[in-house]
Amino acid sequence: MPYNPLKRHSGLRLLQPGQAIGMITRKQQERASQQAAEMMRRAGIFITGREAHGIEVVDFGLSRLEQEGVQVLTLVQTERISVKALALFPNQTEPEHWHPPVGSDPGKEETIRVISGTLYFYVPGENTFREGFLVNGKEHCYTVRHEHVMRPGDQITLAPGVKHWFQARDEGVVMFSFSTVARDVMDQFTDKDVVRTTKIAEGR
Ligand code: ZN
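The structure presented is a predicted model; accordingly, all values stated were derived computationally and were not measured.

K.L.:
Before we go on, may I ask you to explain the pairing of strand β10 (residues 164–168) in this structure?
P.N.:
Consecutive residues of a regular strand have side chains that alternate between opposite faces of the sheet. Along β10, five of the five residues are buried, which leaves the element largely enclosed by surrounding structure. Burial along β10 is two-sided: H164, F166 and A168 and W165 and Q167, pointing in opposite directions, are all buried. Relative to β10, strand β5 (residues 93–98) is paired through three bridges, and the arrangement is antiparallel. Along β10, the bridge assignment pairs T93 with Q167. Pairing of strand β7 (residues 119–123) with β10, which is carried by four bridges, proceeds in the antiparallel orientation. For F121, the partnering residue across the bridge sits in β10 and is F166.

What follows is the structure, given as structure tokens:
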């Protein structure tokens, strides 16, 4: 069955009056991209001011960036490959997801290499969950519990379609992602509330 991106938006959510669905404010976005740029620079990655400005702040449409989100600087993006620097703030978690096949492409194959901080990385396999934590109220959205505690210089390669999620604790984490072509909007998430495109509320 072909993947239907519209399906992602069909989940009903209860909103407080005045609450926007899946949004961060422009101010939040600017603060987060600046903080991510500082972390990347401290980790020894040279980035230009223009690149710092272009860091994508992803809240996965969940509007709780500090808990679930990631900051992404795309360094290379062609029809075939992708290189990104990622920053996770302290105690921030990238929700569980996988990279499905898209047309004749079997799906994204990806290597994550840690540059600074300690990364708690989860894949399918024996439950060895110990050092990380499950996001409050979202336990059911984190189903793979085989734990890798990764430090600078450690890296992991994921075959297409393998579920994974990852997390920073006290200190944040800076990492590289090297992969075949990234089509982030096609990524699939265990949490049905996730919307991959972050909306930014203007004028606040
Ligand atoms: Zn991934």
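So, next bit.
K.L.:
Help me out: how do you make sense of the sheet that holds β10 in this one?
P.N.:
Spatially, β8-β7-β10-β5-β12 is the arrangement adopted by the five strands of the open sheet, whose pairing is antiparallel. The open sheet has two free edges, formed respectively by β8 (146–150) and β12 (188–189), since each of these has just one partner strand.

K.L.:
So what exactly am I meant to see when it comes to the environment of E30 here?
P.N.:
You can see E30 is positioned in helix α1 (residues 26–42). The class for E30 is partly exposed, based on 14 C-beta atoms found within 10 Å. Here the alpha-carbon distance between E30 and G54, two residues 24 residues apart in the chain, equals 9.7 Å.

K.L.:
Whenever I open this one, the sheet that holds strand β11 (residues 173–180) confuses me. Can you help?
P.N.:
The strands making up a sheet associate through backbone hydrogen bonding, with each pair oriented either parallel or antiparallel. Across the sheet, six strands lie side by side as β2-β3-β4-β11-β6-β9; this open sheet has antiparallel pairing. Of all the strands in the sheet, just β2 (56–58) and β9 (155–158) have a single pairing partner and so form its edges. Between one strand axis and the next, the sheet turns through 25° on average, direction left out of account. Both strand β4 (residues 81–88) and β11 contribute to a ladder of eight bridges, which runs antiparallel. Considered in β11, the bridge of L88 is made with V173.

K.L.:
What should I look at first to understand the environment of Q167 in this one?
P.N.:
Within the fold, Q167 resides in strand β10. By the C-beta count within 10 Å, which is 23 here, Q167 ends up buried. When the C-alpha positions of Q167 and N91 are compared, they lie 6.7 Å apart, and in sequence the two are 76 residues distant. Apart from the residues lying within four places of it in its own chain, the contact partners of Q167 are T93, Y120 and G132.

So, how was this worked out
Residues numbered from 1 in each chain as written. Predicted model: local features only at pLDDT ≥ 70, side-chain atom pairs only at ≥ 80, totals over all residues. Buried ≥ 20, exposed ≤ 12 C-beta atoms within 10 Å, placed from the backbone. Helix = DSSP H or I, 4+ residues; strand = E, 2+ residues; numbered from the N terminus. Pairing = 2+ DSSP bridges. Axes fitted to C-alpha atoms, helices over the stretch in contact; angles between N-to-C directions. Contact = placed C-beta atoms within 7 Å.

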